[in-house]
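Close look at the chain arrangement
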Amino acid sequence: MFRLFALLLFFAAVALPILSRAQSAPAAPDKPFVVEYYYKAKWGHADEFLKLFKKNHYPVLKKEMEMGRISKVWMDQPRYHTTEDGRWDFRVTIVFKNATVANEPFDEAALQKQMYPDQETFQREEQRRFEILDAHWDLPIKPVDFDAKP
């Protein structure tokens, strides 16, 4: 019985601070929610990726801006090269209206079907866009307030 109590006490001492920290700073529902999307194309395919992105995905993002889900979207490209392990070719930054909108279910496929009636071509080009990637990752960003008290 003592061991069970000690185990529960240990769990409470270790897990509760971690859980409370993870839940202590939820994204504010009235604040913009920023996500950076990184794309690393296979060597020699960056231009093809950009062409397909601009043709098929950027118009969907613009439509989502019109709908009010997204406040702002832009793409950056590094000016110089880096080491291969840290290399990325494109960073797309999306500012969502808020965290709720960014994380709630959204039927992007329905929007794509509406915008691209030739689904066979659309699906083939989107598949190609991801085939020519070496890596892709998403990074939600949170602002750091230098003047806030710890």
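Relevant structure appears above.
Calculation criteria
- Residues numbered from 1 in each chain as written.
- Predicted model: local features only at pLDDT ≥ 70, side-chain atom pairs only at ≥ 80, totals over all residues.
- Heavy atoms only, no water.
- Buried < 20%, exposed > 50% of the residue type's maximum accessible area, 1.4 Å probe, protein only.
- Helix = DSSP H or I, 4+ residues; strand = E, 2+ residues; numbered from the N terminus.
- Pairing = 2+ DSSP bridges.
- Core = buried A, V, L, I, M, F, W, Y, C linked by side-chain atoms within 4.5 Å.
- Contact = heavy atoms within 4.5 Å.
- Expected span 1.5 Å × (residues − 1).
- Bend = angle between axes of the 7 residues up to and from the residue.
- Polar contact = N/O pair within 3.5 Å; in protein donor to acceptor, adjacent residues only side chain to side chain.
- Salt bridge = Lys/Arg side-chain N within 4 Å of Asp/Glu carboxyl O.
- Patch = residues over 30% accessible without salt bridge, like charges linked within 9 Å, V, L, I, M, F, W, Y side chains within 5 Å.
- Areas by Shrake-Rupley, 256 points an atom, 1.4 Å probe, with all protein chains shown as cover.
- Axes fitted to C-alpha atoms, helices over the stretch in contact; angles between N-to-C directions.

Concerning the pairing of strand β3 (residues 90–96)
Counting buried residues along β3, 6 of its 7 residues qualify, which places the element largely inside the surrounding structure. By the bridge criterion, 7 bridges tie strand β1 (residues 33–41) to β3 in an arrangement that is antiparallel. The residue bridging Y39 from the neighbouring strand is F90, located in β3.

Notes on the nonpolar core
Grouped together as the largest cluster of nonpolar side chains are 17 residues, with contacts concentrated most on Y37, Y39, F49, V92, I94 and F96. If you list the elements that add at least two residues to this core, you get β1, α2 (46–67), β2 (70–76), β3 and α3 (99–103). Non-local contacts of Y39, meaning those with residues more than four positions away in its chain, are made with F49, F53, W88, D89, F90, V92, R129, F130, L133, A135 and H136.

A short note on α2
For the α-helix, the turn length of 3.6 residues means that residues three or four positions removed from each other point alike. Over its 22 residues, α2 extends 30 Å from the first C-alpha to the last, a length consistent with the 32 Å expected when each residue adds 1.5 Å. Of all the bends in α2, the largest measures some 45° and sits at K54. Listing the buried residues of α2 in full gives F49, L52, F53, N56, H57, V60, L61 and E64. On its buried face, α2 sits against β1, β2, β3, α4 (108–115), α5 (119–131) and β4 (133–141).

Topic: the side chain of E36
As for its placement among the helices and strands, E36 is situated in strand β1. In terms of polar contacts, E36 uses its side chain to reach the side chain of Y38, at 2.6 Å.

Observations concerning the pattern of salt bridges
Scanning all chains against the criterion turns up 11 salt bridges. Where D76 meets R91, a salt bridge forms, and the shortest distance between an N and an O atom there is 3.1 Å. One end of the pair, D76, is in strand β2; the other, R91, is in strand β3, with 15 residues separating them in the sequence. Each of K40, E84, R87, D89 and D134 takes part in a single network of salt bridges with overlapping partners.

Considering a nonpolar patch on the surface
A cluster of nonpolar side chains, namely W137, L139 and I141, defines an oily patch on the protein surface of about 230 Å² accessible area. Checked against the element boundaries, L139 lands in strand β4. A relative accessible area of 38% means that L139 is categorised as partly exposed.

So, the sheet that holds β1
The strand order β2-β3-β1-β4 describes an open sheet built from 4 strands, whose pairing is antiparallel. Only two strands of the sheet have a single partner each, and these edge strands are β2 and β4. Neighbouring strand axes in the sheet, compared pairwise and without regard to direction, differ in orientation by 15° on average. Across the face of the sheet, α2 comes into contact with β1, β2, β3 and β4 while running at roughly 170° to β2. Across the sheet, α5 is in contact with β1 and β4; its angle to β4 comes to roughly 90°.

Notes on the side chain of D89
As for its position among the elements, D89 is in the loop between β2 and β3. Taking the relative accessible area as the measure of exposure, D89 reaches 15% and is therefore buried. In terms of polar contacts, D89 uses its side chain to reach the backbone amide nitrogen of A41, at 2.7 Å. Side-chain polar atoms of D89 contact the side chain of R87, separated by 2.7 Å. Beyond its immediate chain neighbours, meaning those up to four positions away, D89 contacts Y39, K40, A41, A46, D76, Q77 and P78.

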